[in-house]
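Survey of secondary and tertiary structure
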Amino acid sequence: DEFIEKGGDKTVTIFSAKGETESEQILLMNPSKNEVTVTISFTDLTGDITGNEKPYLSPRIYETAYVPVNKPTWVSFHKKGNYPDPLIPDSYQFTINPECSKAVYYTLTTNENTTPGIYTGEVNIQVTYGEKTETINIPVKAKVFDVILPATSFLKTLFIFRPETYAGKYYGENWTKERTEKLCAFFLCRERT
């Protein structure tokens, strides 16, 4: 939730196949010494396809919530702080603490019948601090490719397992090479024993 001095691109661009969910993260930063209230609204994305009925996509917004980490590991760079974890769906109003940031996920889901093409829309972010209100309009562009993703993925699962570090620490000599192989097979769904 730290404040970042330099901002990035002020557009949202999403590429998607049909039958896919894709997100773009929008990072909102509060450089002031006071808490601010953020209200998010958006338009549906309309397609550039000619015809009587314009295809459209309806986005969703997910607010990132944070959890305090008091005993950080090397994965969190040994630094205590609030780390992003849960995503709260359809959260359109929230606060940002002074000199902090908060991420929201702008998410589109397509189905196998989605018309391929370019879709455009807008995200509107209204920031209220004290008596003042400011609105930021962010353009959104999504490209849907004429490719349908299969309902079941054929990609293998990624898992990180370090038997020499963790298994030996907890199981000592009881952890064997055979146990490592069985655990890996279990994760890859090749066998269930």
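Starting from 1, residues in each chain are numbered consecutively following that chain's sequence as written. Only residues with pLDDT of at least 70 are given local features in this predicted model, and only at 80 or more are side-chain atom pairs given and counted; all residues enter the totals for whole chains, interfaces and linings. The basis for every side-chain value is the complete set of non-hydrogen atoms in the structure, without hydrogens or water.

Going along the chain from the N terminus, every DSSP run of H or I of four or more residues is numbered as a helix, and every run of E of two or more is numbered as a strand. Structurally, threonine 107 can be placed in strand β9 (residues 100–109). Apart from the residues within four sequence positions on either side, threonine 107 is in contact with Thr21, Glu22, Ser23, Pro59, Arg60 and Tyr62. Contacts between residues were defined by any pair of non-hydrogen atoms, one from each residue, lying within 4.5 Å.

Quick look at the pattern of salt bridges now. Salt bridges are defined by distance alone: a side-chain nitrogen of Lys or Arg within 4 Å of a carboxyl oxygen of Asp or Glu. Going through the model one piece at a time under the given rule, you end up with four salt bridges. Where aspartate 90 meets arginine 60, a salt bridge forms, and the shortest distance between an N and an O atom there is 2.7 Å. Of this pair, aspartate 90 sits in the loop between β7 (81–89) and β8 (93–96) while arginine 60 sits in strand β6 (residues 60–69), placing them 30 residues apart in sequence. When its relative accessible area of 35% is taken as the criterion, aspartate 90 is described as partly exposed. For every residue, the accessible area (1.4 Å probe, protein chains only) is compared with the maximum for its type, and the residue is labelled buried under 20%, exposed over 50%, or partly exposed between those bounds.

Consecutive side chains along a regular strand alternate between the two faces of the sheet. In short, DSSP must find at least two bridges between two strands for them to pair. Pairing of strand β1 (residues 12–18) with strand β11 (residues 132–148) involves six bridges; the strand directions are parallel. Paired with phenylalanine 15 across the strands is lysine 143, a residue of β11. Here strand β10 (residues 117–129) hands over to β11 after two residues, with glycine 130 in that stretch at a positive phi of 65°.

Geometric values such as these leave the question of function open.
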